[in-house]
Every structure is written in C-alpha cells, then in structure tokens.
Amino acid sequence: PKCFPGAQNPAEDLEDTQEKDKSIPPERAEEAKLKAKYPNLGQKPGGSDFLMKRLQKGQKYFDSGDYNMAKAKMKNKQLPSAGPDKNLVTGDHIPTPQDLPQRKSSLVTSKLAG
Amino acid sequence: MGWKMRKQTGAGGGNDIQWCFSQVKGAVDDDVAEADIISTVEFNHSGELLATGDKGGRVVIFQQEQENKTQSHSRGEYNVYSTFQSHEPEFDYLKSLEIEEKINKIRWLPQKNAAQFLLSTNDKTIKLWKISERDKRPEGYNLKEEDGRYRDPTTVTTLRVPVFRPMDLMVEASPRRIFANAHTYHINSISINSDYETYLSADDLRINLWHLEITDRSFNIVDIKPANMEELTEVITAAEFHPNSCSTFVYSSSKGTIRLCDMRASALCDRHSKLFEEPEDPSNRSFFSEIISSISDVKFSHSGRYMMTRDYLSVKIWDLNMENRPVETYQVHEYLRSKLCSLYENDCIFDKFECCWNGSDSIVMTGSYNNFFRMFDRNSKRDITLEASRENNKPRTVLKPRKVCASGKRKKDEISVDSLDFNKKILHTAWHPKENIIAVATTNNLYIFQDKMN
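Let us look at the structure shown here. The model shown is predicted, which means the values in this text are computed figures rather than measured ones.

1. Some points on the interface of chain A and chain B
Then, in step 1: Facing 39 residues of chain A, the contacting portion of chain B comprises 62 residues.
Then, in step 2: Around 4,300 Å² of area is buried between chain A and chain B when both sides are counted, 59% of it from carbon and sulfur atoms.
Then, in step 3: Per-residue buried area on chain A facing chain B is highest for Glu27(A), Leu55(A) and Leu112(A); these three make up 18% of the total on that side.
Then, in step 4: Where chain A touches chain B, the interface holds six salt bridges.
Then, in step 5: Put simply, Glu27(A) and Arg337(B) hold a salt bridge, and the shortest N to O gap is 2.3 Å.
Then, in step 6: Our count for the contact surface shared by chain A and chain B stands at 17 residue pairs in polar contact (both at pLDDT 80 or more).
Then, in step 7: Secondary-structure elements contributing two or more residues to the side of chain A that touches chain B are α2 (26-37) and α3 (48-55) of chain A.
Then, in step 8: It is α2(A) that provides the largest number of residues to the side of chain A that touches chain B, a total of eight residues.
Then, in step 9: Considering only residue class, the side of chain A that touches chain B consists of 16 nonpolar, 10 polar and 13 charged.

See below:
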C-alpha cells in the first residue's frame with residue numbers, strides 16, 4: 001500500500017515504508033518498531049534507570065539469612081546455585097560461594113602467545 | 001593477479017596504500033573461550049612493541065624483528081616477547097562486587113632506559129609493569145653449584161671471582177606500582193601526561209590524577225556525580241591528556257559531548273574550559289538518538305591540533321579551536337541506522353568501538369561488524385573497507401576492498417546488511433606510530449597488516 005508522509009503506520013507496514021517513502025527517517029521507523037514490540041519501554045533511554053544499570057555492573061546481592069534458609073530447606077539436596085542466568089540480581093537468585101569467581105590456580109597462557 | 005589500483009576506492013595519503021596481510025595471532029577454532037577475548041591493543045612509542053590485553057587479565061607483548069637487509073620487500077615480523085598475568089578476578093566482599101580481571105586499557109610509557117614500562121588497568125586497579133631483559137648471568141660462585149645447590153664448604157679449596165656470562169635472552173615482567181582503591185565506578189580510560197610523571201584514570205563519574213611514583217594518593221580532578229543519583233543523566237566514557245600541553249585533557253560523555261579542561265584553572269575541573277557539541281536536529285530525534293550519540297572513544301591527533309571521537313555510527317574530527325561542530329564527519333556504517341531496533345534488542349547498539357590516527361594524522365581507522373574495518377583518508381576524502389579474515393592470509397597479496405549493499409540489488413562481491421555477522425566485531429585497532437603497519441583485533445585473533453613495499 002502506498003504510504004503518505006505523516007501517516008501513522010502500524011509496525012507491519014514499516015518495511016514498505018522504508019523502501020518506498022523516504023520522508024520518514026529510518027531512525028523513527030526503527031523507533032516505532034521497538035515501541036510496537038515493547039509498549040512499556042521507558043521514555044528516557046539515556047535516563048537514570050539505564051545509567052544506573054551500567055554503574056551497577058558486577059554487583060552481586062547476598063543475604064546470609066536467605067542463604068541459610070535455602071540451605072536448611074534443601075538439606076538433603078544440593079545448595080541453591082546461580083543457574084544459567086548469572087546476571088540476575090534479584091528474586092530467587094542467591095549467590096553462593098560456588099558462584100564466586102575462582103582464583104586461577106595456575107596461569108593459562110594466552111593463545112596469542114602460542 | 002591482484003587488485004588493480006583503478007578499481008579500488010583506496011585510502012592513502014598521496015599514493016594509495018595497498019594493504020597486505022602480514023601475520024595473524026591466536027587460535028583458529030571458532031569456539032572462543034571468554035578469557036581469550038582481546039580487550040585492548042596498543043603499540044609503544046617506537047612501534048617496536050605491540051601489546052594486547054584480554055578478558056582473562058593477561059598481557060601479551062610482541063616485538064618486531066630487526067629488519068633483514070636481504071629481505072627488502074617486507075618489514076620485520078612481530079613475535080612474542082613477553083606474556084604475563086596482569087590482573088586476577090577479585091571479589092569485593094564489603095560491597096558484594098565482582099571485579100573482572102579484563103584489561104580495559106594498556107598505555108606505554110616512553111622509554112627512558114633499557115627497560116620498558118606500561119600501565120595496564122582493569123575496572124578498579126591500575127598497575128605499572130616493568131618489562132626488562134636479562135641476557136647474562138653470574139657464573140662461578142664459590143659456595144654454590146651452577147644449579148643453585150650449596151656446596152659442602154669443606155670441599156672448597158680455592159677462591160674465584162664469579163663472572164657474567166651470556167645466557168639465552170629472558171624477558172621478565174614485574175609489577176612495580178599498584179594504584180588501587182581510588183575508583184568507586186568502573187575505569188574506562190588511562191592516559192599518560194606529556195610530562196611523563198603523572199597520568200589520569202577515568203571511571204564513569206570521576207577522573208583522578210596520579211603521580212607514577214606515588215601509589216597511596218591520587219587527586220580527584222573531575223567529579224560529575226550528582227548529589228542525588230536519581231538526577232544522573234550522563235556518564236564519562238573516555239578521557240585523554242593532550243599530547244603536548246601538560247595541563248590540558250578532554251573527557252567524553254554518553255550524551256555525545258566532549259569537555260576540554262585546564263588543570264591550571266582550578267583544582268577540581270568540574271567547569272570545562274571548552275565544550276564540544278554538535279547541535280542536534282530536533283526533528284530527527286528518536287529513542288535511539290542519545291544511545292547512538294554516546295562517544296565510545298576520544299583520541300587526540302599526534303599534532304595536538306585535532307581530536308577524533310567515535311560514536312556508534314560515525315567518526316568525527318574536531319578542531320580544538322571550534323566547539324560548535326566537528327570539522328569532518330565520516331560515516332562508518334550508516335546502513336545500520338535502519339537496523340537500530342534489532343541492534344538494540346541484541347545489545348550491539350552498546351558496543352564500544354575505538355578509533356585511531358596514523359602517524360601523520362592524515363588517515364583515521366575504526367572497526368565495524370563482520371570483521372570489517374574502515375579507513376578514511378582526510379586529504380583525498382576517500383575511504384576503504386577491509387576485512388580481517390584468515391581467508392585473505394597470503395602475505396604480500398593486496399587485500400580486496402569490501403562493500404556492504406544497504407538496499408536494492410546486491411552486486412557481485414557485495415554483502416547485504418542482513419548477512420553481516422554482528423558477533424564478529426572489530427572494537428580495537430592500532431596504527432604503528434611511524435610506519436604503515438596496523439594491528440586489528442577480532443574477537444580472539446590479532447591481525448597485522450602492512451602496506452605493500454615496492
């Protein structure tokens with residue numbers, strides 16, 4: 001379908017829009033695609049939440065109470081561990097000593113030097 | 001065979017440079033261990049040494065072979081000179097913070113004596129490493145055997161003076177200074193002052209000034225942390241000292257601005273002397289505008305007259321005398337502008353590309369995806385796209401320029417945007433300070449290219 005400048009385009013028509021009608025800048029078209037997929041996306045991408053996440057890289061949360069209760073609950077089974085998504089910092093993820101990076105006991109030489 | 005000059009959109013000062021594969025370092029296999037991911041590449045001031053840092057906290061230094069007079073068609077190769085573990089993973093129990101051992105930056109000190117010195121940093125700690133050669137050792141001790149065991153004193157009947165005898169070259173790296181506990185946030189840059197006595201380290205919100213001899217003190221010279229963290233709107237992304245003016249430095253931000261500061265103006269340089277910012281067309285503003293304007297690297301030209309910044313889609317050259325817009329803008333991969341939605345979803349939009357100048361400041365280089373890298377000749381205004389790939393590894397064969405087809409009919413030998421491999425990113429490149437020799441890092445391999453001689 002022919003698209004007119006200024007028309008509101010649903011996400012599925014955007015592929016056509018980009019090729020046929022240059023008056024909608026590609027960046028705006030991409031923005032519309034994103035908003036269609038994630039309607040609850042915050043208004044300020046560069047704002048506080050986004051930057052705070054960047055500043056908190058590496059943060060692990062540990063509550064000894066949670067840890068001991070989880071250990072007690074599972075006394076016959078394995079200790080709770082990180083699971084596949086190690087970057088999850090809230091909720092059920094309880095960092096355990098097993099999750100912490102192990103100090104390298106021997107030096108593995110870089111393959112660039114091989 | 002070979003690529004004829006007239007078919008090439010070549011980049012080169014005066015006569016176009018013809019780039020040829022020289023060497024590739026690293027494992028061939030596709031299964032890349034995290035530790036092997038290269039995180040920084042840097043030539044030293046003479047270009048004789050080339051250092052790499054990786055995610056596993058290791059540094060590998062290559063040394064250029066002495067030129068062989070009989071082999072006039074190629075320059076010396078780079079071979080492994082030294083390798084050592086610079087940083088180890090740590091856990092800050094007080095703050096519950098995991099500290100990666102990844103080497104974020106390496107910067108060489110100019111050579112003052114027989115030894116070489118470099119600074120390497122991870123997110124929290126900067127270390128000064130001394131790399132020295134040992135090519136002789138004392139032999140002929142009276143009380144010790146050659147293997148170090150002590151002799152029975154009763155068997156010693158004569159006295160002799162130990163002498164130095166030549167031995168196989170041994171290169172030793174030792175940490176001489178450890179500069180720790182000065183950064184709450186993650187260090188992104190280090191830069192050595194032209195006075196060769198001090199250096200700066202920058203994290204997301206603060207910049208500190210150190211003296212190379214003093215590890216228990218550093219001075220905070222920039223602090224952009226707001227009183228209320230809810231009001232945080234931008235972070236520091238890179239910082240560098242001016243190459244000649246020892247009181248001048250710049251820092252770039254996630255909002256696409258660069259601030260030039262003069263340390264003579266005040267102890268705390270929170271107020272900039274100059275603010276470099278290109279005005280934005282408000283009608284073009286989108287959700288992505290700020291993210292793609294974030295500057296991932298800033299580098300002064302060797303002359304000190306210009307600085308170059310890299311944002312997600314472009315490289316900009318700024319004249320230090322003009323704050324309101326760059327003097328040159330080069331599009332690295334403009335075809336990605338219509339892919340920003342998926343690049344946001346796969347996090348590629350946050351990739352931090354670096355950029356570099358050639359020795360004469362006439363050409364700039366930066367990386368892209370699909371193991372492509374780009375060069376822009378500032379004089380001829382020509383640009384070229386090349387690929388770092390083991391398929392092109394015949395020495396002295398000129399690299400074939402690459403072309404990405406943005407839309408429409410794809411010509412033969414072109415690659416369409418949708419076929420690009422976004423996992424193959426070239427974030428780190430370096431240019432020899434004097435020669436046309438470049439080091440290009442793919443995820444886990446280091447490529448060295450040279451211009452074709454004669």
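Having seen the structure, we can now continue with the description.
2. Digging into the packing of aromatic side chains
Residues and elements named next belong to chain B.
Then, in step 1: Across all of its chains, the model carries 21 aromatic pairs over all chains by this definition.
Then, in step 2: For the ring pair Phe-179 and Trp-210, a centre distance of 5.2 Å and an interplane angle of 70° mean the geometry is edge-to-face. Separated by 31 residues along the polypeptide, Phe-179 in strand β11 (residues 163-179) and Trp-210 in strand β14 (residues 206-211) bring together distant segments of the chain.
Then, in step 3: Aromatic ring contacts, followed pair by pair, group Phe-21, Phe-373, Tyr-447 and Phe-449 into a single cluster.
Then, in step 4: Note that Lys-144 overlies the ring of Tyr-141, its terminal NZ or CZ placed 4.7 Å from the centroid.
Then, in step 5: Across the ring face of Tyr-306, the terminal group of Arg-378 is positioned such that the distance to the ring centre comes to 4.6 Å.

Conventions and cut-offs
- Residues numbered from 1 in each chain as written.
- Chains lettered and ligands numbered in written order.
- Predicted model: local features only at pLDDT ≥ 70, side-chain atom pairs only at ≥ 80, totals over all residues.
- Heavy atoms only, no water.
- Contact = heavy atoms within 4.5 Å.
- Buried area = accessible area lost by both parts, 1.4 Å probe.
- Salt bridge = Lys/Arg side-chain N within 4 Å of Asp/Glu carboxyl O.
- Polar contact = N/O pair within 3.5 Å; in protein donor to acceptor, adjacent residues only side chain to side chain.
- Helix = DSSP H or I, 4+ residues; strand = E, 2+ residues; numbered from the N terminus.
- Nonpolar A, V, L, I, M, F, W, Y, C, P; charged D, E, K, R; others polar.
- Phe/Tyr/Trp six-rings, centres within 6.5 Å; stacked < 30°, edge-to-face > 60°.
- Lys NZ or Arg CZ within 6 Å of the ring centre and 35° of its normal.

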